[in-house]
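# Structural features, examined
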Amino acid sequence: MRVVHLLDRVALDRLHLLAGPSGEPASPAAAAAATVELARVGVHLEDAGRLGAAGARGVGDVVRHVRSRRGGDGTWAPLFDGFPDRLPAADDVRLRAAFGWARLAGVPDPDDAQVRAAFDFSDLGWWPASSVPQDVGAARVARLRQRVLPPDGRVEWWTLRVVGPQERDDALRAWVADCFATPTSLREDVREDVRAVTALLGTGGVRPADVPFRETRTLLVRAVWETERATLPDLGLDPDDLLRLFADLTGTDTSLGRGVRYPRLSRADRRLVVQCLERSPRLGDVFRRRGLWLAVGRGLHVGEHTGAPRTRAVFERLRATRHDVTSFPARFERLLREDRAQIRDNGATYPRVSVLGDGTALPVTRAPGHLALPPRARTAVLGVLDAAVTAQLAGRESWHGERVHVAEGLDRVLVPEALRSTAQGLVQVERGSVLPLGEAPVVRLFVHWKHPDSDLDLSCLALDEDFTVVDHVSWTRLRSGVMVHSGDVTSAPDGAQEFLDVDLAALGRDLLPDGLPGETPPRRGRPRWFRRVRRAGRADPAVRTGAWRYLVPVVFRYSGPAFGDLEEACAGWMLRERTSREHVAFDPATVANAFALTGGQRAVVPFALDVRSREVVTVDLHLPGLPGARVERDGSGVGDLVRAVVARRPLRTDVATLVAEHVAARGGEPVTDRARATITVGTDAGCTYDVLRPERLLADLL
């Protein structure tokens, strides 16, 4: 039960299985105590009776692991313990800066404590000490207070099933086989888990020919290299498989987009590689990467291997000419060149966004007016493609007698095509997919990081129907309408957090200019300047929410090391019942998604919240520059990217359509009652195909 074994951890994270050691059963009291402790972090056991006495004693390890997966394994606290209740309706960084620096007039070199004191406006009834370095002592006291606060009350449940060690291992072998059979890229953390499981449980007899995605095939080849090296020549590897193996062994680019270093190989290993080439059915592919193979051939000493005449002949031809004119690719390329064949886009689908290997967004804009296929030709091409897809699906195992249920809303979830660069969160969905938010009254965003010289900024942009920025909350404005920021922390030596609340319940009401939610009522004795600022905030049209359509969080790295170099760095969002300082600020049971901040870019845009339909649009883009620290000034580029991501849905295949194609081609029966179904497709671990953990769906249906 202790989540210290790697297989236990992967089974819990990927399959929602809890491996419980066999032995005497847990007493009713011990089982009840374990169930309560797990519920505090949002975990429900499907069959708690199988927990066992040893398993009940190890529940604390599971709780710590789940807390870590949901965003934090410690106690978190906002900068100001009055968050989100005590903040005037109007807030502006320029006003705060003017008062703060006026207090520091005559102090030539203020230290952190003096800066914090100067910017503490609590004596004026204002938000204290925002945009200041972390006070470690005060932060630790705030965390102690958080520990005695009650939870929010809402729970985003994880349902776990208790299994024995053998059932765990069998399930992991099946999961690994699904990962290898997936025809798209795998997320980086999933790749690492596949590598770890195969090192312990083996490859399960999967052959490279059964692995359609070339980079995933590298995982398999590397696993065989590490554990069963002598069997490599029997696997029918092609030359690119070997180059990717070399790249993986040397830590270079397995996509072969850049150069590959030649690894240190013993004489026996060189002989093994030459034998792989000799038996390869695609030995002529060395001409596709002639420069790389000429360099590799020198290291392999191909001419010395008298037992590989075919390989020696091909390498002699490789040294003599740049092209293997006898190959099919060469003949095909020649035909294309001679006939000037080309297909051009008519520009109607722009703007677009491409995603690079590290998750960086690359806007693609183009004016309309390019050549398009004539309507008759387009219809004919689509007809041929549809017939080919139907024939291919009909050739798979029959679904006659199967009743298939597809959960509502999966027509808005896109079939994953490129998961490698997506955020390492609790769920995996393709960019542009739409998931329901549910009925939660409050969304609380959070970012956590730890580094003495790092400043991360959490902000949120409000976009209108045309994706134009109409409002924001950030370190420069801590409140606007139904959005409230917890305050700006500019360093995190002891680990710091920023929170941002969106009160959806208030947003759903008709807000009047003089009735802003959470507004501090006027009090006698407040200075005249404060009353003027408060009136200005009420009159400001930017705080009126009628124009809002999308709320877009942004995490910006203002200073310090890259995200991936921080000691700790993660972000996410909670779905809560309350916006109140009387309840714990970070409640892991309410976390809907959390993900590690990785990479070297400056900003991350995780999602867009459609406030009209109460849906979350997955954006998951990393930005190298804009928006900068002032999102209100630099946020227009974010609006363009969100527009492009939203536009992906009509251009991509959704899960419901994919399943419908299988049902029609394979003879299944669609049903609307899940209880009657023999095949279920949905968003929970109890489904045959869980679209939020899509390895099996991709392996079987794509």
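These lines cover the structure that appears in this document, whether it is placed above or below.

Definitions and limits used
- Residues numbered from 1 in each chain as written.
- Predicted model: local features only at pLDDT ≥ 70, side-chain atom pairs only at ≥ 80, totals over all residues.
- Heavy atoms only, no water.
- Helix = DSSP H or I, 4+ residues; strand = E, 2+ residues; numbered from the N terminus.
- Contact = heavy atoms within 4.5 Å.
- Axes fitted to C-alpha atoms, helices over the stretch in contact; angles between N-to-C directions.
- Parallel < 35°, antiparallel > 145°, perpendicular 65-115°, else oblique.
- Left-handed = near helix turned anticlockwise from the far one by under 90°.
- Nonpolar A, V, L, I, M, F, W, Y, C, P; charged D, E, K, R; others polar.
- Phe/Tyr/Trp six-rings, centres within 6.5 Å; stacked < 30°, edge-to-face > 60°.
- Buried < 20%, exposed > 50% of the residue type's maximum accessible area, 1.4 Å probe, protein only.
- Lys NZ or Arg CZ within 6 Å of the ring centre and 35° of its normal.
- Pairing = 2+ DSSP bridges.
- Salt bridge = Lys/Arg side-chain N within 4 Å of Asp/Glu carboxyl O.
- Core = buried A, V, L, I, M, F, W, Y, C linked by side-chain atoms within 4.5 Å.

Moving on to the environment of T490. Relative to the helices and strands, T490 resides in the loop between β12 (483-485) and β13 (492-503). Counting along the chain gives 69 residues from T490 to S559, while the straight-line C-alpha distance between them is 8.7 Å. Here T490 is in contact with S131, V132, P133, S454 and D455, once residues within four sequence places are set aside.

Our next topic: the packing of helix α1 (residues 6-15) against helix α9 (residues 188-201). Contact pair α1 / α9: the axes reach a minimum separation of 10 Å and the direction vectors enclose 140°. Accordingly, the angle class assigned to the pair α1 and α9 is oblique. You can see that α1 and α9 cross each other, and the crossing is left-handed. Residues L6, L7, R9, V10 and R14 of α1 pack against D189, V190, D193, A196, V197, L200 and L201 of α9. Partitioning the contact of α1 with α9 into residue classes produces eight nonpolar, no polar and four charged.

Another point: the packing of aromatic side chains. Where two aromatic rings form a pair, the distance of their centres and the angle of their planes describe that pair. All chains considered together, the criterion is met by eight aromatic pairs. Between W76 and F586, the aromatic rings sit 4.2 Å apart at their centres with planes inclined by 35°, giving tilted as the arrangement. With W76 in the loop between α4 (59-69) and α5 (93-103) and F586 in the loop between β15 (568-576) and β16 (591-596), this pair connects stretches of sequence that are 510 residues apart. Exposure remark for F586: the relative accessible area of 4% places this residue in the buried category. Between F467 and Y550, the aromatic rings sit 5.2 Å apart at their centres with planes inclined by 15°, giving stacked as the arrangement. Residue F467 is located in the loop between β9 (455-463) and β10 (469-473), and its partner Y550 is located in strand β14 (residues 550-559); the two are separated by 83 residues in the primary sequence. On the accessibility criterion, F467 (11% relative accessible area) is buried. For Y550, a relative accessible area of 6% puts it in the buried group. Through successive ring pairs, a cluster of aromatic residues spans W76, F446 and F586. The residue whose ring lies beneath R557 is F563, and the NZ or CZ to ring-centre distance is 5.9 Å. The ring of Y689 is capped by R696, whose NZ or CZ atom sits 5.4 Å from the centre of that ring.

This next bit is on the sheet that holds strand β20 (residues 679-682). Read from one edge to the other, the open sheet built from four strands follows the order β19-β6-β20-β21, with strand pairing classed as parallel. Edge positions in the sheet fall to β19 (669-670) and β21 (689-690), since each has one partner strand and no second. Sheet topology note: the strand β6 (residues 403-406)/β20 ladder contains three bridges and is parallel. Bridge assignment links H405 to a residue of β20, and that residue is T680. Against the sheet, helix α21 (residues 655-666) touches β6, β19 and β20, its axis set at about 170° to β6.

Right, let's get into the pattern of salt bridges. Enumeration over the complete set of coordinates arrives at 42 salt bridges. Taken together, the shared-partner salt bridges connect R9, D13, R14, R69, R187, D189 and D193 into one network.

Regular strands place side chains that alternate from one sheet face to the opposite one. The element strand β18 (residues 615-623) is extensively covered by neighbouring structure, given that nine of its nine residues are classed as buried. Here β18 shows a buried face lined by E615, V617, V619, L621 and L623 and a second buried face lined by V616, T618, D620 and H622. One ladder, built from three bridges, connects strand β7 (residues 434-436) with β18; its direction is antiparallel. Following the sheet pairing, L435 is matched in β18 by V616. In terms of strand pairing, strand β17 (residues 603-610) meets β18 through seven bridges, oriented antiparallel. By the bridge assignment for β18, D610 is matched with E615.

In this section: unusual backbone geometry. The phi dihedral of R614 falls on the positive side, at around 55°, and the residue is not glycine. By secondary structure assignment, the location of R614 is in the loop between β17 and β18. Residue classification places R614 among the partly exposed positions, given a relative accessible area of 23%. We note that D620 has phi near 55°; this positive angle belongs to a residue other than glycine. Tracing the backbone shows D620 in strand β18.

Moving on, we get to the nonpolar core. Residues W175, F180, V194, V197, L232, W293 and L300 are the most contacted members of the largest nonpolar core, which totals 50 residues. Put simply, the parts of the chain that give this core at least two residues each are α1, α8 (165-181), α9, α10 (214-227), α11 (239-250), α12 (267-279), α13 (290-300) and α14 (309-320). For W175, the residues in contact, after removing those within four places along its chain, are V10, R14, L15, V190, D193, V194, V197 and E695. Residues W449, A462, L551 and V555 belong to the second largest nonpolar core, which totals 37 residues.

The strands making up a sheet are joined through hydrogen bonds of the backbone, oriented either antiparallel or parallel. Strand order in the open sheet formed by six strands is β11-β12-β13-β8-β15-β16, with antiparallel pairing between adjacent strands. Two strands close off the open sheet at either side, each with one partner strand: β11 (479-480) and β16.

With that settled, consider the side chain of D269. Within the element layout of this structure, D269 appears in helix α12. Assessed through its relative accessible area of 12%, D269 is described here as buried. Ignoring any residue separated from it by four or fewer positions in sequence, one finds D269 in contact with W225 and R229.

The subject of this paragraph is the packing of helix α16 (residues 375-394) against α21. Axes are the key here: two packed helices are described by the angle between their axes and the distance separating the axes. Where α16 meets α21, the axes come as close as 8 Å, and the angle between the chain directions of the two elements is 65°. Here α16 lies roughly perpendicular to α21, going by the angle between them. Considering only the axes of α16 and α21, their crossing is right-handed. From α16, T390, L393 and A394 reach across to α21, where they touch E661, H662, A665 and R666.

Right, let's get into the pairing of strand β8 (residues 442-451). In terms of residue burial, β8 counts as a mostly covered element, since ten of its ten residues are buried. Residues of β8 alternate between two faces, with V442, R444, F446, H448 and K450 on one and V443, L445, V447, W449 and H451 on the opposite face, all of them buried. With nine bridges connecting them, β8 and β13 associate as antiparallel partners. The residue bridging W449 from the neighbouring strand is A496, located in β13. With nine bridges connecting them, β8 and β15 associate as antiparallel partners. Pairing of V442 across the sheet is with R576, part of β15.

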